[in-house]
Amino acid sequence: MGCGASKAAVANDPLLLDGKGSDQKSGNGPSSNVFGLLSLTRGLTADGAITVGGSENSAGGMYGFDGKFGVAGGENGASGTGGAGVGKFGVGGGGKNGSSSIQPINSESSVKVVTVVRPLMDHEKGCEDIVKILPPGKIELPKKQNGSGTEDKYPFEFDRVVRVTSPEVSKELYAALVLPVVERFCQGFNATVLAYGQTGSGKTYTMGTSCNSKDVLAPDPTGVVPRSLKVLFSYIQIASQSYDITLKAQYVEIYNENVLDLLSTETSGKNGTSKLDIRERPDGDVYVEGACEINVKSREEVARILDQGNTKRSTAAHKMNSESSRSHAIVTLTMEQRAKISSAQKIPADLRFLRSKLNLVDLAGSERVKDTGASGDRFSEGVSINKGLMELGNVINALTEGKKRSHVPYRNSKLTRLLQDSLGGNSETLFVACVSPADKNHEQTLNTLRYASRARAIRNNLRLNNKLSPEEELEYLRTLVQQLQSENDQLKTRLAKTGL
Ligand SMILES: Nc1ncnc2c1ncn2[C@@H]1O[C@H](COP(=O)(O)OP(=O)(O)OP(=O)(O)O)[C@@H](O)[C@H]1O
């Protein structure tokens, strides 16, 4: 199969940051502390507002490259993800008094959920905005006039609820919730951001999946994918001082229960894509067999790949969205970080090799097929979309019913199989529930909030992916020994010259 690989260009993204938040106290400035770099991209003020660009106390990070290590803590460090109103903090810990012990994390992590409420759109003119947001993280929907429930409202609580009324708000949302997920990815953990919601509720807008190169490369991009890429390449630029890093991108869609490669240059199949199978590696990692994985070295390269994939993605107009995604789209970035021989001695053995995967998922919208006015192909697409989402719901139910059900039906659909790690597996996962505020969408909004509420009860088992295969380990150690021998020889020669 041909892949649309393009020539590598050297990463040259300006850093996002102004350096204001560097850890001056410990002497670990941004250039010496890669995770500190990530921490600098945000700081929360006491009232919960977010300032992008760093905060006084946000430095730290998992470890620095000057040989001093600090993990999960520090003066104001926190290893958790961003909540509102907790004051300024850094992520990844470390900082002023970093400890000397490294504890790779194998921990339980709950799925985080943010609800994004978009504005009323033109086609909702005359509708009432029925969504009530109560900070922090609470949202209420009224009971429908003719509803049969006994409550007069339906209350929900999430990690955060945001009305995305401007690009500024979406940037804040990104800084508070998406950035911690990207940080996890950089630290060697699997991570997922997944957008769910009714058709036309703003999933593609929030994810930025359909953005073109220009949007991705904008100095201040909006959307989860473009912003993640910006931070990621800033991280890579710094971390490359100590690690050899390879980043690969893959872009697939699940359309009518078929997995299609949006980066394939094949010309057969639907839109020039052939059907692929999902397989599982012995370590439990689920992957798409034969999908193009393209080495990328800059945001420009990823932008080109997204452009290429988006021209193939299945979209179509229907009554509720003029450009509706008819498939689930999954952008997957896989990163391998190997400590450079020159830095290996300064980096704990557990962190010399890191392999991680970031899934950015824009699901097709749940829909009541009659509301979309669909017929023919559009109708069967709608049926298939709803079936995939129903299976996703079944997986979520099974995972949150605890011990009552031991079988989780991941294999009932391609979507759930591919998201096996993200839900109940080895991944830091952010579930983005997108909703419309319009009264006419009451039932769908309620369904989305119920779905999201159940997803929030899922517990994932996060573990650092730092294991080399025995062959890789041997190869690495061989190179290390060679390097040390050569350094030793050089020192001996120098000593001999000085006559000591
Ligand atoms: N926060 C927002 N601010 C302004 N416009 C928005 C916002 N969110 C969504 N929109 C607009 O609403 C429309 C529908 O959004 P979008 O295509 O992202 O929905 P979707 O959930 O991906 O739909 P589908 O499931 O049908 O693909 C688009 O025109 C989009 O530009």
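Here the structure is a predicted model, which means the values were calculated and not measured.

Thresholds applied
- Residues numbered from 1 in each chain as written.
- Predicted model: local features only at pLDDT ≥ 70, side-chain atom pairs only at ≥ 80, totals over all residues.
- Heavy atoms only, no water.
- Pairing = 2+ DSSP bridges.
- Helix = DSSP H or I, 4+ residues; strand = E, 2+ residues; numbered from the N terminus.
- Axes fitted to C-alpha atoms, helices over the stretch in contact; angles between N-to-C directions.
- Contact = heavy atoms within 4.5 Å.
- Near = heavy atom within 4 Å.
- Polar contact = N/O pair within 3.5 Å; in protein donor to acceptor, adjacent residues only side chain to side chain.
- Areas by Shrake-Rupley, 256 points an atom, 1.4 Å probe, with all protein chains shown as cover.
- Buried < 20%, exposed > 50% of the residue type's maximum accessible area, 1.4 Å probe, protein only.
- UniProt positions renumbered as here; feature names shortened; annotations may be inferred.
- Core = buried A, V, L, I, M, F, W, Y, C linked by side-chain atoms within 4.5 Å.

To continue, consider the sheet that holds strand 9 (residues 153-157). Taken in spatial order, the three strands make up an open sheet running 7-8-9, and their pairing is antiparallel. Each end of this open sheet is capped by a strand with a single partner; those strands are strand 7 (132-134) and strand 9. For this sheet, the mean angle separating the axes of adjacent strands, direction not counted, is 25°. Note: strand 7 against strand 8 (residues 138-142), three bridges, orientation antiparallel. By the bridge assignment for strand 8, K132 is matched with E140. Helix 11 (residues 442-455) contacts strand 8 and strand 9 of the sheet and is inclined by roughly 35° relative to strand 9.

Let us look at the site of the ligand. Within the structure, the ligand sits among 16 residues, and T199, K203, Y205, S324 and S325 are positioned closest to it. Within the side chain of T199, a nitrogen or oxygen atom sits 2.5 Å from an oxygen atom of the ligand. Note that an oxygen atom of the ligand is positioned 3.1 Å from one of the backbone N or O atoms of S201. Protein chains bury 81% of the 630 Å² of accessible surface belonging to the ligand in isolation. Of all the elements in the fold, those that place two or more residues in the shell around the ligand are helix 3 (203-207) and strand 18 (321-325).

Here P135 and P136 are connected by a cis peptide whose omega angle stands at -5°. With respect to the helices, strands and loops of the structure, P136 is situated in the loop between strand 7 and strand 8. A positive phi angle, near 50°, is found at N256, a position not held by glycine. Along the chain, N256 falls in the loop between strand 12 (243-255) and strand 13 (258-261). Classification of N256 as partly exposed rests on a relative accessible area of 31%.

Listed under "binding site: ATP" (unreviewed entry) in the UniProt record, and renumbered for this structure, are G197, Q198, T199, G200, S201, G202, K203 and T204. Considering the arrangement of structural elements, one finds Q198 in the loop between strand 11 (191-197) and helix 3. Tracing the sequence through the fold places T199 in the loop between strand 11 and helix 3. Since its relative accessible area comes to 4%, T199 is described here as buried.

Another point: the nonpolar core. Residues V193, L247 and M335 are the most contacted members of the largest nonpolar core, which totals 66 residues. Per element, the largest residue contribution to this core is 11 residues, and it comes from helix 2 (residues 167-186). Counting 42 residues, the second-largest nonpolar core is a separate cluster that includes F156, V259, L449 and A455.

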